[in-house]
Amino acid sequence: MTTAVTVPEETDNPFALSHLDALESEAVHIFREVAGEFERPVILFSGGKDSILMLHLALKAFAPAPVPFGLLHVDTGHNFPEVLEYRDRAVASNGLRLHVASVQEYIDAGTLRERPDGTRNPLQTVPLLEAISAGRFDAVFGGGRRDEEKARAKERVFSLRDEFGGWDPRRQRPELWQLYNGRHAPGEHVRVFPLSNWTELDVWQYIAREKIELPAIYYAHEREVFSRSGMWLAPGEWGGPKDGERVERRQVRYRTVGDMSCTGAVDSDADTVEKVIAEIAVSRLTERGATRADDKLSEAAMEDRKREGYF
């Protein structure tokens, strides 16, 4: 059965913003605030839906001028090909600068070691921090949202990171009346989350309204997958499947996109944006809670990584 998607009713006030207009306005304000306060901002861009949405909002914030900062991608080497293709196409079509920090290069140099489980998501921290330091980036935009995960719910829009890239929730600053404090000491930087107040449903409703193109893996398609820990994972060079794990073809889609080794697909027939919205509207699990194995390592898995400098 298809669930009807309800759209918030318009008020009688002709000057009232819809909830999507209000979220868009807030995000545009944040992008412009950062451009005015910081010297070398950069947008973390993976080709996933949240970073695509951030780029769309940044383009809106500064149009008709170009976006005044570049993109940074931490490449695990285990990316979905569809996502990398989208990333390169978005960079070329918008005339953007792309900085790539490669986890594989750190492994080849012996700086990082492969994990026994094959996942490289936790290995992104060192390349990310060194790229921030090398690029002298003082503000780093991330696509984190408070509805995704417990640790991310603690974040402010402007999140101060120390000289080692670490996050301390006790150093979070008040943000009353949407006043953001970007002050930081030399060596420190600020992570900025313009999508903090968005939900997964908001993101998809906005994608539908703005007709934003996404990689095809966000929509239902037939794909080879195997079952591990209650998730459908894609086979690949990262070490899956293992003995006893049977590969089969299923109709699936991805709610979130990350390292192939820890990003699960969900059974779905939602092959259009309207069907995806209807599917999410009745879901009781966040996309990370349902499909990210790295967040299931412990109750505090994400918070521990954030304290070390992770996204």
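Above: the structure in question.
Right, let's walk through the structure included here. Given the structure is predicted, the values throughout are model-derived calculations rather than measurements. (Residues numbered from 1 in each chain as written. Predicted model: local features only at pLDDT ≥ 70, side-chain atom pairs only at ≥ 80, totals over all residues. Heavy atoms only, no water.)

Overview of the overall build of the chain
Reasoning step 1: Assigned secondary structure in the chain consists of 10 helices and 10 strands.
Reasoning step 2: Taking all 311 residues of the chain together, 53% fall into the buried category.
Reasoning step 3: Within the chain, contacts between residues separated by at least 24 positions form 73% of all contacts whose residues are at least 6 apart in sequence.
Reasoning step 4: Summed over all atoms, the accessible surface of the chain reaches about 15,000 Å², with 52% contributed by carbon and sulfur. (Helix = DSSP H or I, 4+ residues; strand = E, 2+ residues; numbered from the N terminus. Buried < 20%, exposed > 50% of the residue type's maximum accessible area, 1.4 Å probe, protein only. Contact = heavy atoms within 4.5 Å. Areas by Shrake-Rupley, 256 points an atom, 1.4 Å probe, with all protein chains shown as cover.)

Details of the side chain of Asn121
Reasoning step 1: Examined against the element boundaries, Asn121 turns out to sit in the loop between helix 4 (103–108) and helix 5 (125–135).
Reasoning step 2: Assessed through its relative accessible area of 1%, Asn121 is described here as buried.
Reasoning step 3: A polar atom in the side chain of Asn121 sits 2.9 Å from the side chain of Gln124. (Polar contact = N/O pair within 3.5 Å; in protein donor to acceptor, adjacent residues only side chain to side chain.)

Overview of the sheet that holds strand 6 (residues 189–192)
Reasoning step 1: Pairing in this open sheet of six strands is mixed, and the strands run 3-2-1-4-6-5 from one edge to the other. On the outer flanks of this sheet lie strand 3 (98–102) and strand 5 (158–161), each paired with one strand and no other. Averaged over all pairs of adjacent strands, the angle between their axes in this sheet comes to 30°, without regard to strand direction.
Reasoning step 2: The sheet contact formed by strand 4 (residues 139–141) and strand 6 spans three bridges and is parallel. Note that in strand 6 the partner of Val140 across the bridge is Arg191.
Reasoning step 3: In this fold helix 3 (residues 81–94) packs onto strand 2 (70–75) and strand 3, with an angle of close to 150° to the strand it touches most, strand 3.
Reasoning step 4: Set on the sheet, helix 5 makes contact with strand 1 (41–44), strand 2, strand 3, strand 4 and strand 6; between it and strand 2 the angle comes to about 150°. (Pairing = 2+ DSSP bridges. Axes fitted to C-alpha atoms, helices over the stretch in contact; angles between N-to-C directions.)

Here's the deal with the packing of aromatic side chains
Reasoning step 1: As enumerated under the stated definition, the model contains 11 aromatic pairs in all.
Reasoning step 2: Seen from their ring centres, Trp204 and Tyr218 are 6.2 Å apart, and the 70° between their planes marks the pair as edge-to-face. One end of the pair, Trp204, is in helix 7 (residues 200–210); the other, Tyr218, is in the loop between helix 7 and strand 7 (221–228), with 14 residues separating them in the sequence. Just as Trp204 is buried, Tyr218 falls in that class too.
Reasoning step 3: The structure contains a cluster of three or more aromatic residues connected by ring pairs, namely Phe31, Phe62, Phe69 and Phe141. (Phe/Tyr/Trp six-rings, centres within 6.5 Å; stacked < 30°, edge-to-face > 60°.)

Examining unusual backbone geometry
Leaving glycine out, the prevailing phi sign among residues is negative, and the prevailing peptide bond configuration is trans.
Reasoning step 1: Look at the link from Ala63 to Pro64: it is a cis peptide, with omega at 5°.
Reasoning step 2: Along the chain, Pro64 falls in the loop between helix 2 (49–62) and strand 2.
Reasoning step 3: With phi around 55°, Arg136 is a residue other than glycine that occupies positive phi space.
Reasoning step 4: Counting through the fold element by element, Arg136 comes out in the loop between helix 5 and strand 4.
Reasoning step 5: Phi is positive for Lys211, which is not a glycine, with a value near 55°.

Side note on helix 2
Reasoning step 1: Its 14 residues give helix 2 an end-to-end C-alpha distance of 20 Å, which sits within 8% of 20 Å, the value for a rise of 1.5 Å per residue.
Reasoning step 2: The complete set of buried residues in helix 2 reads Lys49, Asp50, Ser51, Ile52, Leu53, Met54, Leu55, Leu57, Ala58, Ala61 and Phe62. (Expected span 1.5 Å × (residues − 1).)

Details of the pairing of strand 2
Reasoning step 1: Of all six residues in strand 2, six are buried, a share of seventy percent or more.
Reasoning step 2: Burial along strand 2 is two-sided: Gly70, Leu72 and Val74 facing one way and Leu71, His73 and Asp75 facing the other are all buried.
Reasoning step 3: Here three bridges tie strand 1 to strand 2, and the two strands are oriented parallel to one another. Directly across from Val42, in strand 2, lies its bridge partner Gly70.
Reasoning step 4: The parallel pair strand 1 and strand 2 is bridged by helix 2, and the resulting crossover is right-handed.
Reasoning step 5: Taken together, the five bridges between strand 2 and strand 3 define a ladder with parallel strand orientation. Within strand 3, the residue paired with Leu71 across the bridge is Leu98.
Reasoning step 6: Each parallel crossover has a hand, and the one from strand 2 via helix 3 to strand 3 is right-handed. (Right-handed = clockwise from strand over helix to strand, strands pointing away.)

Description of the nonpolar core
Reasoning step 1: Core analysis: the biggest nonpolar cluster contains 63 residues, and Phe31, Phe141, Phe158 and Trp204 have the highest contact counts within it.
Reasoning step 2: Mapping this core onto the domain boundaries places at least three of its residues in each of domain 1 (16–201 + 303–307) and domain 2 (216–296).
Reasoning step 3: Not counting chain neighbours up to four residues away, the residues in contact with Phe141 comprise Ile30, Phe31, Val34, Pro41, Val42, Ile43, Leu44, Met54, Phe69, Val192 and Pro194. (Core = buried A, V, L, I, M, F, W, Y, C linked by side-chain atoms within 4.5 Å. Domains from an automatic or database assignment.)

Focus: the layout of surface pockets
Reasoning step 1: Of the pockets and cavities examined, the second largest pocket occupies roughly 260 Å³.
Reasoning step 2: Lining the second largest pocket are 15 residues, with Ile132, Ser133, Phe137, Gly187 and His189 positioned closest to its centre.
Reasoning step 3: The biggest single contributor to the lining of the second largest pocket is helix 5, with three residues.
Reasoning step 4: Partitioning the lining of the second largest pocket into residue classes produces four nonpolar, four polar and seven charged. (1 Å grid on protein atoms, 1.4 Å probe; cavity = no way out; pocket = protein on both sides within 12 Å on 5 of 7 lines; lining within 4 Å. Points joined across faces, edges and corners; volume = space filled by probe spheres on them. Nonpolar A, V, L, I, M, F, W, Y, C, P; charged D, E, K, R; others polar.)

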